[in-house]
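Chain and residue survey
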Amino acid sequence: MRTTSLTVPASPDRENEDAIALATGIGVVVDGAGIPADLRRGCTHTVAWYARRLADAFCARLVDRGTPMRDALAGAIAEVTALHAGSCTFEGGSPSATVAAWRVDGAEIEHLVLCDASIVVRDVSGRAHEITDDRIEHSVARRTRELLSARTAAADPHPDERAALRWRALEECRNSPDGFWCAQTDPKVAEQALIGRQAIDDTAAVIAATDGGTRGFQLVDAHDLPSFALRAASGELDGLAAEIRAGEEGLRTRSDFDGKIHDDLSIVVGSFD
């Protein structure tokens, strides 16, 4: 097996809030949620700090193949939560993250996805499929529409008000049965992670990516899923990242897009010869 990886910030002048961690036969990506500081005011730590600590703690637990992946993630969340002791109160909010990971276990490869990070598997016939959890997209959009419809003002909302309502919707939906699940302070959210496994003999490559790394085929049409999987398996991560960055520029002119133009981007690939 050959492992390749790439993680880059959204722009050179800002801290990367993604993190990756690697061990023999293991790849982990963590995407720290870049929410405004006032929505995590109960915590003194940065989003990047949280992502890095969680990636390292999760990867360390995955080394023991006898530990199920959900249990490893739960233990990692508990470990990082304990690091907050004495300096943070979580009532005012704290950093959170999405997670994707793969692990070779004997003749099989396992995967785990929590929230909208992704695992992409390319099989030996060249077909590719993606495993992700898109509940965040649907639940936050639904709650944002509800908040907008509850406004009493007659005028259309200013973009700043619309953004504030979306952040409110995000917080209300986070780790809620009617919303979405992500890593934050409660180890029990690991029970909501999507898991699976398949035979290595059927697998050409397995890829863990943050949503910044999957934007090329999910959002900006820089490449399609099969092309992404093939080129990632071949180690062409710099080229994929360049295509994503070029495609993101087109978001500036899209009237239906009000998110961030560039995003942190992380990809970890295990390729099997």
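Note that the coordinates shown come from a computational prediction; the quantities given were computed from them, not determined experimentally.

Examining the overall build of the protein
If you tally the helices and strands in the protein, you get 7 helices and 10 strands. Over its C-alpha atoms the protein spans a radius of gyration of 19 Å, differing by no more than 12% from the 19 Å that the globule rule assigns to 273 residues. Dimensions along the principal axes, computed over C-alpha positions, put the protein at roughly 60 × 45 × 35 Å. Considering the protein as a whole, with its 273 residues, one finds that 51% of them fall into the buried category. For the protein, the exposed surface amounts to about 12400 Å²; the carbon and sulfur share of it is 50%. Positive and negative side-chain charges of the protein, numbering 29 and 44 respectively, have mean locations separated by a distance of 3 Å.

Some points on the packing of helix α3 (residues 135-149) against helix α4 (residues 159-173)
For the pair α3 and α4, the least separation of the axes is 8 Å and the interaxial angle reads 125°. It follows that α3 is oblique to α4 by the angle criterion. Where α3 crosses over α4, the handedness of that crossing is right-handed. Along its contact with α3, which presents I136, S139, V140, R143, T144, L147 and L148, the element α4 presents R162, L165, R166, R168, A169, L170, E172 and C173. Of the residues belonging to the contact of α3 with α4, the class tally is 8 nonpolar, 2 polar and 5 charged.

Regarding the sheet that holds strand β7 (residues 128-132)
Overall, antiparallel pairing links the 5 strands, which are arranged β1-β10-β9-β6-β7 in an open sheet. A single partner strand is all that each edge strand has here, and the edge strands are β1 (2-8) and β7. Direction aside, neighbouring strands of the sheet carry axes that sit 15° apart on average. Across 7 bridges, β1 lies against strand β10 (residues 265-271) in antiparallel orientation. Counted as the bridge partner of R2 is S271 from β10. This element, helix α7 (residues 237-249), spans β1 and β10 of the sheet and lies at about 30° to β1.

Describing the pattern of salt bridges
All told, the structure shown has 21 salt bridges when counted by the stated rule. Residue R197 pairs with E110 through a salt bridge whose shortest N-O separation is 2.8 Å. Here R197 is found in strand β8 (residues 194-199), whereas its partner E110 is found in strand β5 (residues 108-114), with 87 residues between them in sequence. Notably, a salt bridge pairs R174 with E171, separated by 2.5 Å at the nearest N-O pair. Under the relative-accessibility criterion, R174 is labelled buried at 9%. Assessed through its relative accessible area of 26%, E171 is described here as partly exposed. One salt-bridge network, held together by shared partners, links R103, D105, E108, E110 and R197.

A look at the sheet that holds strand β2 (residues 18-23)
In spatial order, the strands read β2-β3-β4-β5-β8; together these 5 strands make up an open sheet with antiparallel pairing. Either end of the sheet is taken by a strand with one partner, and the two such strands are β2 and β8. For this sheet the average axis-to-axis angle between neighbouring strands, irrespective of direction, equals 10°. Across 6 bridges, β2 lies against strand β3 (residues 26-32) in antiparallel orientation. Within β3, the residue paired with L22 across the bridge is G27. Sitting on the sheet, helix α2 (residues 69-83) touches β4 (97-105), β5 and β8, and the angle it makes with β5 is about 45°.

Points about the nonpolar core
The biggest cluster of nonpolar side chains holds 31 residues, and the ones touching the most others in it are V28, L54, F58 and V99. When residues of this core are assigned to their parent elements, the largest contribution, 9 residues, is made by helix α1 (residues 47-62). Residues within four places of V99 in sequence aside, it is in contact with V29, V30, L54, F58, L73, L112, V113, L114, A117 and A183.

As for the environment of D123
With respect to the helices and strands, the residue D123 is situated in strand β6 (residues 118-123). For D123, a relative accessible area of 15% translates into the label buried. As for D123 and T98, which are separated by 25 residues in sequence, their C-alpha atoms are 25 Å apart. The contact partners of D123, leaving out residues within four places of it in the chain, are D202, T203 and A204.

Cut-off values and rules
Residues numbered from 1 in each chain as written. Predicted model: local features only at pLDDT ≥ 70, side-chain atom pairs only at ≥ 80, totals over all residues. Heavy atoms only, no water. Helix = DSSP H or I, 4+ residues; strand = E, 2+ residues; numbered from the N terminus. Rg over C-alpha atoms; globule rule 2.2 N^0.38 Å. Buried < 20%, exposed > 50% of the residue type's maximum accessible area, 1.4 Å probe, protein only. Areas by Shrake-Rupley, 256 points an atom, 1.4 Å probe, with all protein chains shown as cover. Lys, Arg positive; Asp, Glu negative; His and termini not counted. Charge placed at Lys NZ, Arg CZ, Asp CG, Glu CD. Axes fitted to C-alpha atoms, helices over the stretch in contact; angles between N-to-C directions. Parallel < 35°, antiparallel > 145°, perpendicular 65-115°, else oblique. Left-handed = near helix turned anticlockwise from the far one by under 90°. Contact = heavy atoms within 4.5 Å. Nonpolar A, V, L, I, M, F, W, Y, C, P; charged D, E, K, R; others polar. Pairing = 2+ DSSP bridges. Salt bridge = Lys/Arg side-chain N within 4 Å of Asp/Glu carboxyl O. Core = buried A, V, L, I, M, F, W, Y, C linked by side-chain atoms within 4.5 Å.

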